[in-house]
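Coordinate inspection notes
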Amino acid sequence: MTETITVFSDYVCPFCYLGRRSLDEYQESRDEALEIDWHPFDLRSNQRNDEGEVVRESGHDDEYYEQARENVERLREEYGADEMATTFAGDDVDSLDAQIASYHVRETEEYETWLDFDRALFAALWEDERDIGDVDVLAAVADEVGIDAEAVREAVADDDLRETVRTKFGEAHEMGITGVPTFAYDGYAARGAVPPEQLRRLVEGE
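Residues numbered from 1 in each chain as written. Predicted model: local features only at pLDDT ≥ 70, side-chain atom pairs only at ≥ 80, totals over all residues. Heavy atoms only, no water.

1. Here we look at the packing of aromatic side chains
Tallied over the full model, the rule gives five aromatic pairs. Ring centres 6.1 Å apart and planes at 35° place the aromatic pair Tyr11 and Trp38 in the tilted group. Taken together, the residues span a long stretch of sequence, with Tyr11 in the loop between β1 (4-9) and α1 (14-28) and Trp38 in strand β2 (residues 35-40) at a distance of 27 residues. The burial state of Tyr11 is the same as that of Trp38; both residues are buried. Taken together, Tyr11, Tyr17, Trp38, Tyr111, Trp114 and Phe122 form an aromatic cluster joined through their ring pairs. (Phe/Tyr/Trp six-rings, centres within 6.5 Å; stacked < 30°, edge-to-face > 60°. Helix = DSSP H or I, 4+ residues; strand = E, 2+ residues; numbered from the N terminus. Buried < 20%, exposed > 50% of the residue type's maximum accessible area, 1.4 Å probe, protein only.)

Dropping the structure here:
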């Protein structure tokens, strides 16, 4: 039976991008890969109106963002993520449609196909600085990894699927997830772009 690690994340979170780099590094040290049991999380939840549109400021001040930028740059160097954009590519991007598209792919395609799409979404935003809040970009990313672009467009336009993903956001909060990335395994969790050694301890208990 394939082992899995649960990952709560949002594509617009730079620490989620970096956390996946750390997870990839840990995976390289394993004989067998861990499958990712991905759960969507909405960093913009407190900025949305009832229709799901981002309409409010984040509430964070300049000092918060400066500290975040410093932490991103430190981890970028630590994890050798030279291809990561040095600007905050996710600042003005709404990832809701990207998460709907990713959830659709996860539910309808093989795991490896979803994983390719997931990685491509992170790369599109954090390496190529493409707006993954744009359905045309999502369709193009899907096509680039061999997924039916029209099916992705239809998924993003599906109100029932949108509500399902928003329900998943709520479930994450009910489970006590307050920030991302959060990695969970066998009842234990690690939050943040933690180093590969911490992920090894989480999974292997060493």
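2. Examining the sheet that holds β1
Each strand in a sheet pairs with its neighbour through backbone hydrogen bonds, running either in the same direction (parallel) or in the opposite one (antiparallel). Across the sheet, four strands lie side by side as β2-β1-β3-β4; this open sheet has mixed pairing. Every other strand in the sheet has two partners, leaving β2 and β4 (188-191) as the edge strands with one partner each. Taking each pair of neighbouring strands and ignoring which way they run, the sheet shows an average axis angle of 25°. Bridging between strand β3 (residues 182-185) and β4 involves four bridges; their strand directions are antiparallel. (Pairing = 2+ DSSP bridges. Axes fitted to C-alpha atoms, helices over the stretch in contact; angles between N-to-C directions.)

3. Observations concerning the pattern of salt bridges
A full pass over the atoms with the stated rule returns 13 salt bridges. Residue Arg106 pairs with Asp37 through a salt bridge whose shortest N-O separation is 3.8 Å. Taken as a pair, Arg106 in helix α3 (residues 96-108) and Asp37 in strand β2 lie far apart in primary sequence, 69 residues in all. Here Arg106 falls in the partly exposed class, since its relative accessible area comes to 25%. The salt bridge involving Asp136 is made with Arg153; its shortest N-O contact spans 2.9 Å. Pair noted here: Asp136 is in helix α5 (residues 135-144) and Arg153 is in helix α6 (residues 149-156), with a separation of 17 residues, a long-range link. Its relative accessible area of 44% is what places Asp136 among the partly exposed residues. A residue is classified by how much of its surface remains accessible, and Arg153, at 31% relative accessible area, is partly exposed. (Salt bridge = Lys/Arg side-chain N within 4 Å of Asp/Glu carboxyl O.)

4. Thoughts on the side chain of Gln27
By the element assignment, Gln27 lies in helix α1. Note on Gln27: relative accessible area 16%, which makes it buried. One polar contact links the side chain of Gln27 to the main-chain amide nitrogen of Leu34, over a distance of 2.8 Å. Not counting residues within four places of it along the chain, the set of residues in contact with Gln27 comprises Ala33 and Leu34. (Polar contact = N/O pair within 3.5 Å; in protein donor to acceptor, adjacent residues only side chain to side chain. Contact = heavy atoms within 4.5 Å.)

5. Brief notes about the nonpolar core
Leu18 and Ile132 are the most contacted members of the largest nonpolar core, which totals 60 residues. At ten residues, the largest contribution of residues to this core is made by helix α4 (residues 111-126). In contact with Ile132, not counting residues within four places along its chain, are Tyr11, Val93, Ala98, Leu121, Ala124, Leu125, Val137 and Leu138. (Core = buried A, V, L, I, M, F, W, Y, C linked by side-chain atoms within 4.5 Å.)

6. Comments concerning a negative patch on the surface
Taken together, the side chains of Glu109, Glu110, Asp143, Asp148, Glu150 and Glu154 make up a negatively charged region of the molecular surface. Mapping Glu154 onto the fold places it in helix α6. (Patch = residues over 30% accessible without salt bridge, like charges linked within 9 Å, V, L, I, M, F, W, Y side chains within 5 Å. Areas by Shrake-Rupley, 256 points an atom, 1.4 Å probe, with all protein chains shown as cover. Lys, Arg positive; Asp, Glu negative; His and termini not counted. Charge placed at Lys NZ, Arg CZ, Asp CG, Glu CD.)

7. A word on the state of the cysteines
Counted according to the given criterion, the structure contains zero disulfides. Unpaired in terms of disulfides, Cys13 finds its nearest cysteine sulfur in Cys16, a separation of 3.3 Å. Residue Cys16 is classed as buried on the basis of its relative accessible area of 1%. (Disulfide = S-S within 2.5 Å.)

8. Some details on the environment of Val152
The topology assignment puts Val152 in helix α6. Aside from chain neighbours lying at most four places away, what touches Val152 is Ala101, Val105, Leu138, Ala139, Ala142 and Ile147.

9. Observations regarding the pairing of β3
Residues in a regular strand point their side chains to alternate faces of the sheet. The side-chain alternation of β3 yields two buried faces, one formed by Thr182 and Ala184 and the other by Phe183 and Tyr185. Here β1 pairs with β3 via three bridges, running antiparallel. Pairing of Phe8 across the sheet is with Thr182, part of β3.

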